[in-house]
Amino acid sequence: MSKEYLTREISRRQLLKLGVGLVGVTAVSAVVPKALLKPYKVVEASPDVQPARQTAGAGTYRHYAATDGWVYLPGQNLPYHPDNLAPDGLTTYIFGFRNVTSIEDDHDKVFQQKMKAQLTSPMFWLDEWRDTASQGETDFTLRLTNLGLQMRPDLIDAHTLHFHGFRNAIPIFDGEPHSSVGVPISRDLTYFYRARDPGTYMFHCHFEETEHVHMGMVGGVFVRPKQNYLGFGGDPTSAARLGGNTAPGAPMGYAYNDGDGSTAYDREFAFVVSEVWTLAHWCDSHVQLPEWSDYNPDIYMMNGRAYPDTIAPNGGAIDSATGDLIPPAGRPELQYQPISSLVTCNSGDRVLLRFINLGYVEQSFRLTGIKMRVVGHDATLLRGRGPAGNDQNYFTDTVHVGAGQSVDAIFVAPEVDTMTRLLLFSRNFSHLSNPGIAGHGGPMTEVHIYPTSQPLGPQNEPNEWGL
Ligand SMILES: [Cu+2]
């Protein structure tokens, strides 16, 4: 079927021309001095200035690779979606990141992850810097390697990892390439950050950002507050499980240093919201340029999936033999979209929802039947400054998240006798379908509440189901 599209749109002669063009680009790059092909204003991190690698388990070291790839999205919008160049089972060309920390010692394995980007990017989290003694566990380094774009060898774009919204970022490590540096192909750069402000943030590539952000180089990142370790009100027994408190009643964590436990939660789920304009993605795979001022997305997503795939299982484990992502159970086409948006909880659980919008369109998420308490906006506790700070948190059934914004909301799961499903969905109904097919789609997910007689397992990571 995909071959039919190919012959209809691009004749064999045109394809050969394109091939010759690509060979030409490659040949030119072989003879032109490399310096001429480098993107403007870049630095190369030399291996001997890399900070020492921290041992596994201690500190927060990550190694990410930037590359291109293919993902699966439902629906049909011919000739752009599914893309006729996509491998079997996949539909849409993307740019993205991969977490290669566990395979980084094997350079071949890392390089083989070229054209295996994931949507949305692997989330990560770090602890707020506490004091000099805890520096080893809280100083954060992220090494970014640019593997290049397999489908577009003509694009010699650098990539960066921009920590969106982080206060006091050192400019050289901020990932904004016009005022600092980008990472050219086959090079790497290690970003350093000392987190001092807890909350929900996001990261994205900032190189040719209109294109690279839309193509999928987006992800979520959180800073966990030191209250998890220290407790509040001078009472160390109020520390959270994430801070090592094993007492049965301890919350899993706090969203902020609230000083009174009001942002305590038992389970945690994050949603990176974004869109796909299938025409633009098709243009990138077919060496064409979209007119960005015509921006008209047709698939809206949570964590890189459209409903009903949003409630499919988590994937994301790495096959140590090949370095490849292991697909979610029963869903091989979601191999490169490993993050589930299904919310699972028990009656009585305090559930933290972290909404992150890295699309270009404002979203409003409604949770039917339960009020959410919004406790933070843009990595800021909703409270005035000082000990008598005015409490500004509020209850709502609809959370607004603008492009580039984040919202932290907590709900308490009601008592149920049997597993109960509720919907969490975009209030913009025109987004709630997938192109060209019937039924609900887009940015919608489900909340599954289990009775206390069916206790869920604890979460080791955000978005884990515990089933
Ligand atoms: Cu990029």
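Residues numbered from 1 in each chain as written. Predicted model: local features only at pLDDT ≥ 70, side-chain atom pairs only at ≥ 80, totals over all residues.

## Let's talk about the overall build of the protein chain
Argument step 1. When its secondary structure is counted, the protein chain shows eight helices and 22 strands.
Argument step 2. Counting across all 467 residues of the protein chain, residues that qualify as buried make up 45%.
Argument step 3. Pairs at least 24 apart in sequence give 71% of the contacts found in the protein chain among residues at least 6 apart. (Helix = DSSP H or I, 4+ residues; strand = E, 2+ residues; numbered from the N terminus. Buried ≥ 20, exposed ≤ 12 C-beta atoms within 10 Å, placed from the backbone. Contact = placed C-beta atoms within 7 Å.)

## Remarks on the nonpolar core
Argument step 1. Val 351, Phe 355 and Ala 409 are the most contacted members of the largest nonpolar core, which totals 103 residues.
Argument step 2. Residue contributions to this core peak at six residues, all from strand β11 (residues 267-276).
Argument step 3. When near neighbours in sequence (up to four residues on either side) are disregarded, Ala 409 contacts Leu 353, Met 372, Arg 373, Val 374, Val 375 and Val 399. (Core = buried A, V, L, I, M, F, W, Y, C linked by C-beta atoms within 7 Å.)

## Remarks on helix α8 (residues 278-285)
Argument step 1. Of the positions making up α8, those classed as buried are Thr 278, Ala 280, His 281, Trp 282 and Asp 284.
Argument step 2. Contacts from the buried residues of α8 go to β2 (92-99), α6 (209-214), β11 and β12 (299-302).
Argument step 3. Two residues or fewer after α8 comes Val 287, characterised by a positive phi angle close to 55 degrees.

## Side note on the sheet that holds strand β22 (residues 444-450)
Argument step 1. The five strands are arranged β13-β22-β21-β15-β19 in an open sheet whose pairing can be described as mixed. Two strands lie at the open edges of the sheet, namely β13 (343-346) and β19 (398-401), each paired on one side alone. Averaged over all neighbouring strand pairs, the angle between strand axes comes to 20 degrees, with direction disregarded.
Argument step 2. As judged from the six bridges shared by strand β21 (residues 420-426) and β22, these two strands associate in the antiparallel manner. (Pairing = 2+ DSSP bridges. Axes fitted to C-alpha atoms, helices over the stretch in contact; angles between N-to-C directions.)

## Notes on the sheet that holds strand β7 (residues 199-204)
Argument step 1. Read from one edge to the other, the open sheet built from four strands follows the order β3-β8-β7-β5, with strand pairing classed as mixed. Two strands close off the open sheet at either side, each with one partner strand: β3 (124-127) and β5 (162-164). On average, each strand axis in the sheet is tilted by 30 degrees relative to the strand beside it, whichever way the strands run.
Argument step 2. Looking at chain direction, β7 and strand β8 (residues 218-224) are connected through six bridges and run antiparallel. Residue His 204 lies in a different strand from β8, and its bridge partner there is Val 218.

## Here's the deal with the environment of His 286
Argument step 1. Within the secondary structure, His 286 is located in the loop between α8 and β12.
Argument step 2. Separated by 193 residues in the primary sequence, His 286 and Tyr 93 have C-alpha atoms spaced 9.8 Å apart.

## Side note on the pairing of strand β15 (residues 363-367)
Argument step 1. Burial along β15 is one-sided: the face carrying Gln 363, Phe 365 and Leu 367 is buried and the face carrying Ser 364 and Arg 366 is not.
Argument step 2. Sheet analysis places β15 next to β19, joined by four bridges and oriented antiparallel. When the sheet's bridge partners are listed, Phe 365 is paired in β19 with Val 399.
Argument step 3. Here β15 runs beside β21; their pairing, made up of three bridges, is antiparallel. Looking at β21, one finds that Leu 367 is bridged to Leu 424.

## A short note on the environment of Gly 96
Argument step 1. With respect to the secondary-structure elements, Gly 96 resides in strand β2.
Argument step 2. Once the C-alpha coordinates of Gly 96 and Pro 122 are considered, the two residues, 26 residues apart in sequence, prove to be 9.6 Å apart.
Argument step 3. Excluding anything up to four places from it in sequence, Gly 96 contacts Gly 69, Ala 117, Gln 118, Leu 119, Ser 121, Gly 216 and Met 217.

## Quick word on unusual backbone geometry
Argument step 1. Following Leu 78, the chain continues into Pro 79 via a peptide bond in cis, with omega recorded as 5 degrees.
Argument step 2. As for its position among the elements, Pro 79 is in the loop between β1 (60-71) and β2.
Argument step 3. With an omega of 0 degrees, the peptide bond running from His 81 to Pro 82 counts as cis.
Argument step 4. Within the secondary structure layout, Pro 82 lies in the loop between β1 and β2.
Argument step 5. For Met 115, which is not glycine, the phi dihedral falls at a positive 65 degrees.
Argument step 6. On the secondary structure map, Met 115 appears in the loop between α4 (107-111) and β3.
Argument step 7. You can call Met 115 partly exposed: it has 16 C-beta atoms within 10 Å.
Argument step 8. Located in the positive-phi region is Asp 378, a residue other than glycine, with phi close to 50 degrees.

## A few points about the environment of Ala 66
Argument step 1. In this structure, Ala 66 sits in strand β1.
Argument step 2. Given 29 C-beta atoms within 10 Å, Ala 66 falls into the buried group.
Argument step 3. Contact partners of Ala 66, with chain neighbours within four places excluded, come to Phe 97, Leu 144, Asn 146, Leu 147, His 159, Cys 205 and Met 217.

## Here we look at the confidence of the model for the protein chain
Argument step 1. Mean pLDDT over the protein chain: 87, with 87% of residues reaching 70 or higher.
Argument step 2. The model gives residues 1-58 a pLDDT under 50, and that stretch makes 41 contacts with residues more than four places away or in other chains. (pLDDT = per-residue confidence, 0-100.)

## Topic: the pairing of strand β16 (residues 372-377)
Argument step 1. β16 sits mainly inside the fold: five of its six residues count as buried.
Argument step 2. Bridge count for β16 against strand β20 (residues 406-412) is four bridges, and the pairing is antiparallel. The residue of β20 that forms the bridge with Gly 376 is Asp 408.
Argument step 3. In this structure, β16 lies alongside strand β17 (residues 380-381), joined through two bridges in antiparallel fashion. By the bridge assignment, His 377 is partnered in β17 with Thr 380.
Argument step 4. Count of turn residues in the β16/β17 antiparallel hairpin: two residues, of which Asp 378 carries a positive phi of about 50 degrees.

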